[in-house]
Amino acid sequence: MTRRGLLSELTDAALIGRFLGGDEPAFRELYLRHTPRLRMMVMRLLGAARRADLDDVVQETWLAACRGVHRYAGDAKFSSWLTTIGIRTTYSRFARTPDVESDLFDEIPAPVGAGLASVIDLERALSMLPDHQRVVVVLHDVEGYTHDEIARQLGIASGTAKATLSRARSALRRMLNDGVSHVG
Amino acid sequence: MSDEFEPHDVDARLPRLFSALPRESPPEPRALDDVITALKAEGFLRRRSPRFLWARQVAAAAALLALGGIAGARIASRNSLESMLTRTDLSLADRILLMQRAGSAYVRAANSYANAASRTDSTAIEVASRVLLGAAQAVARSKLDGGLTPSLTAALRSTAAEPPSAPRRRVIWF
């Protein structure tokens, strides 16, 4: 069996232990295991206008995770812990640059299952939401976070998260009903 | 506008659309290398174990020493008198040089023997003379000296037969 094959059978905790010992292949396995999901979430949180920042944010997320990995207690899933860091890293990027608009969708992977056109329309509509609304709706409706979790992640009140989600969904409905391409 | 959406059913279809969104985006290989480079710069991933590096350096030095020794011994033995005598690919000029070397070596060996033993051993000169005599006879058998050897042999025989006289400097000339 190859080294990669052996590593792929190890748990996240075992890989982290090896990484802390300086084992590069263990880190590579950890990265390849968790980055696809992290990258998709960050891409969606950033929106099309900040797509150029995607790989920077993913890299910043991993570096922040590695710097603080000794604080990872192992009581939560590593993927959730990493996602939390990814959300904060992305959110801090919003603070650096104001809302920008764009209409780039070339990196969104093709969806499977549901009607292609409707999913792409939803992806487009999400990307056109203001940053604070897009983050809340992505975390709640795509990633499955509760309002309390979102409130903790973003440092806002739970009620604010609910109200923001309500406004975001209304905007989504409006865009999808009116035709996304005609909005903005 | 997409014809998949009608105003009345957007609310009902949103959850299904959300669940149909792709969840993964494969990273670019370069991105992983960038992260690895950054982590190494921060000292997270070991570059090379100093212990193994030290062991490798010692092994390399030992290998170089062994190779140097082998090469040196081979070069030295290749030009030794014994090695040259066994070679069959020498030119005539080389063979003349070889004879000169062998003769010089013989003279040095005989002088050394005489200096070391003659003052305490009265048979030293006789031994040296007999060795030289044997060499001269061997040369004579090869017919290489054009008649010089018989004269030299006679002279050496007479010298060997005479008792040692007053102390004198014992130098054997070749």
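Quick caveat: nothing in here was measured; it's all calculated off a predicted structure.

**Let's talk about the interface of chain B and chain A**
Working step 1: Listed as interface residues are 36 residues of chain B and, on the opposing side, 45 residues of chain A.
Working step 2: When chain B packs against chain A, the two sides together hide about 3700 Å² of surface, and 65% of this comes from carbon and sulfur.
Working step 3: At the boundary of chain B with chain A, the tally comes to three salt bridges.
Working step 4: Where chain B touches chain A, the interface holds six residue pairs in polar contact (both at pLDDT 80 or more).
Working step 5: Contributions of two or more residues to the side of chain B that touches chain A are made by helix H1 (10-20) and helix H2 (29-41) of chain B.
Working step 6: Grouping the amino acids of the side of chain B that touches chain A by side-chain chemistry returns 20 nonpolar, two polar and 14 charged.

**Topic: the nonpolar core**
Working step 1: Grouped together as the largest cluster of nonpolar side chains are 63 residues, with contacts concentrated most on Phe27(A), Trp62(A), Leu122(A), Leu126(A), Val137(A), Leu172(A) and Phe18(B).
Working step 2: With 11 residues, the single largest contributor to this core is helix H3 (residues 24-46) of chain A.
Working step 3: Residue contacts for Leu126(A): discarding those within four places in its chain leaves Arg44(A), Arg134(A), Val137(A), Val138(A), Leu172(A), Phe18(B) and Leu21(B).

**Re the packing of helix H4 (residues 54-67) of chain A against helix H5 (residues 78-96) of chain A**
Residues and elements named next belong to chain A.
Working step 1: Between H4 and H5, the least distance of the axes is 9 Å, while the angle of their chain directions is 125°. Our classification of the angle between H4 and H5 gives oblique. The hand of the H4/H5 crossing is right-handed. Only Phe78, Trp81, Leu82, Ile85, Gly86, Thr89, Thr90, Arg93 and Arg96 of H5 make contact with H4, whose side of the interface consists of Asp56, Val57, Glu60, Thr61, Trp62, Ala64 and Ala65.
Working step 2: Classifying every residue of the contact of H4 with H5 gives eight nonpolar, four polar and four charged.

What counts as what
- Residues numbered from 1 in each chain as written.
- Chains lettered and ligands numbered in written order.
- Predicted model: local features only at pLDDT ≥ 70, side-chain atom pairs only at ≥ 80, totals over all residues.
- Heavy atoms only, no water.
- Contact = heavy atoms within 4.5 Å.
- Buried area = accessible area lost by both parts, 1.4 Å probe.
- Salt bridge = Lys/Arg side-chain N within 4 Å of Asp/Glu carboxyl O.
- Polar contact = N/O pair within 3.5 Å; in protein donor to acceptor, adjacent residues only side chain to side chain.
- Helix = DSSP H or I, 4+ residues; strand = E, 2+ residues; numbered from the N terminus.
- Nonpolar A, V, L, I, M, F, W, Y, C, P; charged D, E, K, R; others polar.
- Core = buried A, V, L, I, M, F, W, Y, C linked by side-chain atoms within 4.5 Å.
- Buried < 20%, exposed > 50% of the residue type's maximum accessible area, 1.4 Å probe, protein only.
- Axes fitted to C-alpha atoms, helices over the stretch in contact; angles between N-to-C directions.
- Parallel < 35°, antiparallel > 145°, perpendicular 65-115°, else oblique.
- Left-handed = near helix turned anticlockwise from the far one by under 90°.

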